[in-house]
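Breakdown of the fold
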Amino acid sequence: MTEPSGETAPEAAEPAEDLQEGTPGAPAPAPDATEEPGTAEEPRSADEAADVADAAAEGQAADAAGPAEDDTEDEAEGGAEVGAEGGAAGDGEAAGGAEGQAADDEAAGGAEVSAEGEAAGGAEAAAGDQAVDAAEPAGAAEVGAEGRTAAEGEAAAAAALSDAQAELAAQRELRARIEARKAEKGGPVAAGAKLSGTAADLLAAVRAVEGGAASGSTLYEVPEPAPRRPAPGAAPAVTVRPPAPVRAAAPAPGTTAAVREVLAKGGAPEALAGQVAATLGEGAAAALLDDPWQLLAVPGVRPEQADGFARALLGPACGPDDPRRTVALTVWILDRAALQGHTALEIQAVRAGLAGHAVPDPESAVEEAVAAGAVLVFQEESPEPEEHAEDDEAPEESAPEEPASPVLLGLDRYAMAEESLADALARLARTVTAAEWDGTELERAAGAHGLVLHTGGEASRAEPVALAAAARARGLRTLVAVHADDGRRALGAAGEDAVTVAALLSGTAGPGRDEEGALALDLLVVLDAPQLDVESAAMLVESLPDGCRLVLSGDPGVLGAPGAGQVFTDVLAARVCPRIASRLPDPGPLGELVSGIGAGELHQVEAPGKEIVIVPVRDAGEAVHRTVQLVADSVPRAIGVPSEQTQVVTVGHGGSAGTRALNTALKQRLNPGPGRFGGYDVGDRVAYAPAPGRTVTGTVLSADAEGLRLRCGDEAVLVPRERVESELRHGWALTAHQAAGTRWPAVVVVLPGDAAGGLSRPWVYTAFGRAERHLSVVHGVDQALPRAVAEGVAPERTTRLRPLLETLLAVPEE
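All of the points below concern the structure found in this document. (Residues numbered from 1 in each chain as written. Predicted model: local features only at pLDDT ≥ 70, side-chain atom pairs only at ≥ 80, totals over all residues. Heavy atoms only, no water.)

1. A few points about the overall build of the protein chain
- A tally of regular secondary structure across the protein chain gives 30 helices and 19 strands.
- Per-residue burial for the protein chain yields a buried fraction of 57% across its 814 residues.
- When contacts within the protein chain are restricted to residue pairs at least 6 apart in sequence, long-range pairs at least 24 apart make up 81% of them.
- Accessible area for the protein chain stands at about 31800 Å²; split by element, carbon and sulfur atoms hold 52% of it. (Helix = DSSP H or I, 4+ residues; strand = E, 2+ residues; numbered from the N terminus. Buried < 20%, exposed > 50% of the residue type's maximum accessible area, 1.4 Å probe, protein only. Contact = heavy atoms within 4.5 Å. Areas by Shrake-Rupley, 256 points an atom, 1.4 Å probe, with all protein chains shown as cover.)

In structure tokens form, the structure reads like this:
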């Protein structure tokens, strides 16, 4: 499960933001001291002291220009107080609105569902809880948290490295391989948009393109086709799985100590020393003394905090137009945009963001960042106008000129990922040996093409799974990959062996690899494809050998990937491969409700088995109280789904009914305790983020000197004690991005009044679609729900994958 970048790891990060937790003017919570102590206001905890450390994994906070934002908190709770507050910096407003668009749906205060309960289900809207309670008890089982014993967990953890270790090392290995392949080309980056020439030439090209004096081709060159590996004829005799990667070495004690001294000198909290040393490397202390604004590279640090730190170190020598400051701010703006899903930003948006941070000359600042190589400039070429045969009789009419493609700025890591992914997808499309396969439309398309897209809802997942089984029967090496462990277990129950994308990339699951690092596969089927961010997708597709078939399957209506990019959306829009739309409808009242939402309509649905229940509330305090009552009592007793199989989904982390407030109240009711182990007790339900943008749920088994031991699905996981604070959150309540890719027997969606601004059709579609048997909607947003379903389009992401694919795989017009 993910959230993103949009929303990431159990929102292991709480970035500092300018907004308060609740939307201004939102109704205040109504605490109930007798029944639900602590539900109306979350007590401050150790989370606040380490919010900057938390922000390292947060994928969704952005400097929003609007009133509602994901995971936004006030400065006191969100970030490190780095040095004196700097007046030279701006107030943190986003880059021309592009940065402030929250890619995930989570708004800083809550959630949504219209006041009309019958619109969502037609089942006891006015009765609320009583509608659930009135049903006959179904003998709800009290599902305990027992799984493996603590001893078994320790043995498992000792026998294998954690997912995070494997994943991080695998990413480094695959990125190195991608870079090596690019270097072999001996020219500009493939699918090109990378700059070439000297810094002066580059700056001149930027000015010429913007002024219309030159075309975008001055900024890049069309690359030569990538060299192709020979297509494998059969499985290699021996496949070699890479050795288990080791954890990256921690910064040397001397490095951390030196950084601590510099931070103290600049008035910054010494607690940041470890993060700074890990981010900037061995020379971190010297780098900070030379360029204090490099502190902005540490997740969670804001420009005004870095400005105060710089003034404390440099004194009058620093100013708002200091080139070191402007370059760091430009990179920071693009980093923040990536958290919202953008892989690039229009140059005007970056300039606007710089102006918002008191940069006197944003245009020169952008040029300085480009000249320094900190950012890259792109502009896609517009298609050449068709030259008609000479026709002397035709009247001379000048056709209206199409607007030039916008000039974009981006960071190297995302540029390389998009270009590598485009090259790899084109390679698969061109190297497959077409074959005539009998069977369904999807099977015939997969036989004839190397790249196929499949769209549909939950029921349609059976079609690509059947394709995998049929291909395996044909003797092909076939694998199904899913986003979350829950999806893997669901397929396993149906007899299909599957792995998660993260486990496949890390090498802890899936087939072996050949000498070049290619996976030993002839067909890879990826479910939940909308959850692929561009970097993960690039590593995945680059790992497939020539001649391998790739089928990407998913529901285009759900929220996008938590990281940067929109791979599935871009490939769909490029129209460079077959697209098979499923005709299988999702069954039952829940399927009917969710299908209507996807079409922009909030239907009244008959729910005779109480599949859908609406619980109206007046304010956020009542929303928290009702949610706890539903999870702990009503749903288990009336529906027969125990609390352990009921998931709460809300709009954001902050606010009076965000994940923090809900998790505090749910813990007090379901597993009260003092939080002996860093705020956690044995039996606590947790959301664990082994990597940014990836969240898994589990239960605390035990704790020892090494850290917390969890049971996540069928696996025992050790979270080292130094990473507990940054990678772990309580998990009774999640955001919709964290919940994407996973389903539960019962789901309670919480929509208090102050969450209306965070609603969109994809958010509602995703949240409501997480329920398998029962959906309760804690409703307090009046007409915001039907309005969001009808009109609420998720913010668009600025990416480059679509034009790159259209250039590489352009289909000549007949």
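Anyway, onward from the coordinates.
2. As for the nonpolar core
- Core analysis: the largest hydrophobic core is formed by 90 residues, its most contacted members being Leu263, Leu524 and Leu550.
- Residues within four places of leucine 263 in sequence aside, it is in contact with Ala268, Pro269, Glu270, Leu272, Ala273, Val276, Leu288, Leu295 and Phe309.
- With 36 residues, the next largest nonpolar core counts Leu590, Val749, Ala784 and Val789 among its residues. (Core = buried A, V, L, I, M, F, W, Y, C linked by side-chain atoms within 4.5 Å.)

3. Points about the sheet that holds strand 11 (residues 646-650)
- If you trace the five strands from one edge of the open sheet to the other, you get 10-19-18-11-17, paired in parallel fashion. What marks the edges here is a single partner per strand, and that holds for strand 10 (612-616) and strand 17 (733-735). Neighbour to neighbour, the strand axes of the sheet diverge by 25 degrees on average, direction disregarded.
- The pairing of strand 18 (residues 744-751) with strand 19 (residues 771-779) spans seven bridges and is classified as parallel. Across the sheet, leucine 751 pairs through a bridge with histidine 779, a residue of strand 19.
- Taken strand by strand, helix 23 (residues 588-598) contacts strand 10 and strand 19, and its axis lies near 60 degrees from that of strand 19.
- Docked against the sheet, helix 28 (residues 761-768) engages strand 11, strand 18 and strand 19, running at close to 145 degrees with respect to strand 18. (Pairing = 2+ DSSP bridges. Axes fitted to C-alpha atoms, helices over the stretch in contact; angles between N-to-C directions.)

4. Thoughts on the packing of helix 28 against helix 29 (residues 784-791)
- Where helix 28 meets helix 29, the closest approach of the two axes is 7 Å, and the angle between their N-to-C directions is 110 degrees. On the basis of their axis angle, the class for helix 28 and helix 29 is roughly perpendicular. Residues Arg761, Val764 and Phe768 of helix 28 form the contact with helix 29, whose own contacting residues are Leu785, Ala788, Val789, Ala790 and Glu791.
- Counted by class, the contact of helix 28 with helix 29 contains six nonpolar, no polar and two charged residues. (Parallel < 35°, antiparallel > 145°, perpendicular 65-115°, else oblique. Nonpolar A, V, L, I, M, F, W, Y, C, P; charged D, E, K, R; others polar.)

5. Things to note about helix 21 (residues 534-542)
- By the criterion of burial, helix 21 is predominantly enclosed, with nine of the nine residues buried.
- Buried within helix 21 are the following residues: Val534, Glu535, Ser536, Ala537, Ala538, Met539, Leu540, Val541 and Glu542.
- Measuring from the side-chain oxygen of the N-cap residue of helix 21 to the backbone nitrogen of glutamate 535 gives 3.1 Å; that N-cap residue is aspartate 533. (Polar contact = N/O pair within 3.5 Å; in protein donor to acceptor, adjacent residues only side chain to side chain.)

6. Focus: the sheet that holds strand 15 (residues 715-720)
- Pairing in this open sheet of five strands is antiparallel, and the strands run 15-14-13-12-16 from one edge to the other. Every interior strand has two partners, whereas the edge strands, strand 15 and strand 16 (728-730), have only one. Along the sheet, successive strands turn relative to each other by an average axial angle of 45 degrees, direction set aside.
- Note that strand 12 (residues 685-691) and strand 13 (residues 694-703) share five bridges and pair antiparallel. Opposite alanine 691, over in strand 13, you have arginine 694 as the bridge partner.

7. So, unusual backbone geometry
- Although it is not a glycine, aspartate 528 sits at a positive phi angle of roughly 55 degrees.
- Along the chain, the position of aspartate 528 falls in the loop between strand 7 (523-526) and helix 21.

8. Description of the pairing of strand 13
- Along strand 13, eight of the ten residues are buried, which leaves the element largely enclosed by surrounding structure.
- Looking at chain direction, strand 13 and strand 14 (residues 707-712) are connected through four bridges and run antiparallel. Note on strand 14: the bridge partner recorded for valine 700 is leucine 710.
- Taken together, strand 13 and the strand that follows it, strand 14, pair antiparallel across an intervening segment of three residues.

9. A closer look at the environment of proline 406
- Structurally, the position occupied by proline 406 is in the loop between strand 2 (376-378) and strand 3 (408-410).
- If we skip the residues at most four places from it in the chain, proline 406 touches Glu346, Phe378 and Gln379.

10. Considering the packing of aromatic side chains
- Taken as a whole, this structure holds zero aromatic pairs when the rule is applied.
- Taking NZ or CZ as reference, arginine 800 lies 4.0 Å from the ring centre of phenylalanine 378, over its face. (Phe/Tyr/Trp six-rings, centres within 6.5 Å; stacked < 30°, edge-to-face > 60°. Lys NZ or Arg CZ within 6 Å of the ring centre and 35° of its normal.)

11. A short note on the environment of alanine 358
- Mapped onto the elements of the fold, alanine 358 is located in the loop between helix 14 (347-355) and helix 15 (362-371).
- Taking relative accessible area as the criterion, alanine 358 reaches 31% and is therefore assigned partly exposed.
- Residues alanine 358 and threonine 326, 32 residues apart in the sequence, show an inter-C-alpha distance of 9.9 Å.

12. A short note on the pattern of salt bridges
- In total, this model carries 19 salt bridges according to the counting rule given.
- The partner of glutamate 727 in a salt bridge is arginine 723, and the shortest N-O contact between them spans 2.9 Å. Residue glutamate 727 and its partner arginine 723 are located together in helix 26 (residues 721-727), separated by four residues, close to a single helical turn.
- Where salt bridges share partners, they join Glu418, Glu419 and Arg800 into one cluster. (Salt bridge = Lys/Arg side-chain N within 4 Å of Asp/Glu carboxyl O.)

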